[in-house]
Amino acid sequence: NGLWISNILSASMQYPKLRQQFGPGIALIGGIDAGALARDANAIRNAVKETVPRLLAEGHYLPCLDDRPRSNIPLAHYRLYRQILQEI
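Conventions and cut-offs
Residue indices follow the written sequence of each chain, beginning from 1 at its first position. Totals for whole chains, interfaces and linings use every residue, but because this is a predicted model, local features are given only for residues with pLDDT of at least 70 and side-chain atom pairs only at 80 or more, for both listing and counting. To obtain the side-chain values, all non-hydrogen atoms of the structure were used and water was disregarded. When DSSP finds two or more bridges between two strands, those strands count as paired. Every helix listed is a DSSP run of H or I at least four residues long, and every strand listed is a run of E at least two residues long, numbered separately from the N terminus. In this description, a line fitted to the C-alpha atoms serves as the axis of each element, helices being fitted only across the stretch in contact, and the angle between N-to-C directions of two axes falls anywhere from 0 to 180 degrees. By convention the crossing between two helices is left-handed if the near helix lies anticlockwise of the far one by an angle smaller than a right angle, and right-handed if it lies clockwise. Any two residues whose heavy atoms approach within 4.5 Å are treated as being in contact. Each residue is assigned to one of three groups, with Ala, Val, Leu, Ile, Met, Phe, Trp, Tyr, Cys and Pro labelled nonpolar, Asp, Glu, Lys and Arg labelled charged, and all others, Gly among them, labelled polar. Only the six-membered ring of Trp is used, alongside the rings of Phe and Tyr, when aromatic pairs are assigned; centres must lie within 6.5 Å, and planes under 30 degrees apart are stacked while those over 60 apart are edge-to-face, with the rest tilted.

**A look at the sheet that holds strand β2 (residues 27–29)**
The strands that make up a sheet are held in pairs by hydrogen bonds between backbone atoms, and each pair lies either parallel or antiparallel.
Moving on, step 1. Ordered in space as β1-β2-β3, the 3 strands form an open sheet in which the pairing is parallel. If you trace the sheet from one side to the other, it starts and ends with β1 (2–4) and β3 (61–62), each paired once.
Moving on, step 2. Pairing of β1 with β2 involves 3 bridges; the strand directions are parallel. Residue pairing for β2: W4 is matched across the bridge by I29.

**Observations regarding the packing of helix α2 (residues 41–49) against helix α4 (residues 75–87)**
Moving on, step 1. For the pair α2 and α4, interaxial distance at closest approach is 10 Å and the crossing angle is 35°. Note that α2 runs across α4; the crossing there is right-handed. Note on element contacts: α4 touches α2 through H77, L80, Y81, I84 and L85, opposite A41, I44, R45, V48 and K49.
Moving on, step 2. When its residues are assigned to classes, the contact of α2 with α4 shows 7 nonpolar, 1 polar and 2 charged.

**Re the packing of aromatic side chains**
Moving on, step 1. Overall, the coordinates contain 1 aromatic pair when judged by the stated rule.
Moving on, step 2. Seen in terms of ring centroids, Y78 and Y81 are 5.6 Å apart; in terms of plane orientation they differ by 50°. Their pairing is tilted. With a gap of 3 residues between them, Y78 and Y81 both fall in helix α4, about one helical turn apart.

Set out below in structure tokens:
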């Protein structure tokens, strides 16, 4: 039982709320707003830290973006995203 939802903001889906509603038995993949990588460092940090730590702690979660990185994302932003994930 698992979900991998693309473009979570478009679908009005928030992984922490899904986990709260359905419990740790549901597996989740993704859920990190890829659009944050097109903005700035604070947006990237917030997107990752609001989603990843709690879900990882509860299990059955694979962190990744909710969409593929697009050409408008600077490489430095993608590197920061990966660094933050590694630190967590």
